Amino acid sequence: VDSVIITCIAIEALLTSSSTIREIIPCIHLINVSSSPNNKDDPSNKNHRIKPMSSPDRGTALVSYAEILNHFQHRFPSNCPFLSLICVDISPDDVTANEAHILTLSHPNDSHM
């Protein structure tokens, strides 16, 4: 199941839950972890941050986040940040070094997707 669908289900559950639950879970955090091979040797990128559209997954995360906000924000008070997107940039070397462990986390599916 797509993470956007899961997020929408979680937001609906949050909206229909008691105020006590909303106090315990005031915000849903989406975490996007991306790596871009185009980044490493770019002298203009001093902090080695991923350029948003250089990673297809990052671009999808930004578009999906905007769509979810647009769809649900009218149902929350304006001072209620109900959703956040946390972008984590990792190097291709870190992906390679941790790939075997990452694949064990998605067991029994052993594909890269």
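Residues numbered from 1 in each chain as written. Predicted model: local features only at pLDDT ≥ 70, side-chain atom pairs only at ≥ 80, totals over all residues. Heavy atoms only, no water.

Engineer: Whenever I open this one, the overall build of the chain confuses me. Can you help?
Structural biologist: Looking only at helices and strands, the chain features four helices and two strands. The buried share among the 113 residues of the chain stands at 23%. In the chain, the share of contacts with a sequence separation of at least 24, taken over all contacts with a separation of at least 6, comes to 61%. Split by element, the accessible area of the chain, about 8,200 Å² in all, is 60% carbon and sulfur. (Helix = DSSP H or I, 4+ residues; strand = E, 2+ residues; numbered from the N terminus. Buried < 20%, exposed > 50% of the residue type's maximum accessible area, 1.4 Å probe, protein only. Contact = heavy atoms within 4.5 Å. Areas by Shrake-Rupley, 256 points an atom, 1.4 Å probe, with all protein chains shown as cover.)

Engineer: When you look at the pattern of salt bridges in this model, what are you seeing that I'm missing?
Structural biologist: Any two side chains of opposite charge can pair if their charged atoms end up close together. Applying the stated criterion to the full structure yields two salt bridges. Residue glutamate 12 is joined to arginine 75 by a salt bridge in which the shortest nitrogen-to-oxygen separation is 2.7 Å. Within this pair, whereas glutamate 12 is found in helix α1 (residues 3–16), its partner arginine 75 is found in the loop between α3 (56–72) and β2 (83–89), the two being separated by 63 residues in sequence. Its relative accessible area of 31% is what places glutamate 12 among the partly exposed residues. When the shortest N-O distance is used, the salt bridge between arginine 58 and aspartate 89 registers 2.9 Å. Placement of arginine 58 in helix α3 and of aspartate 89 in strand β2 is noted, with a sequence separation of 31 residues between them. Arginine 58 gets classed as buried once you look at its relative accessible area, which sits at 3%. Look at aspartate 89 and you get partly exposed, because its relative accessible area is 25%. (Salt bridge = Lys/Arg side-chain N within 4 Å of Asp/Glu carboxyl O.)

No statement about biological role is implied by the geometric values presented.
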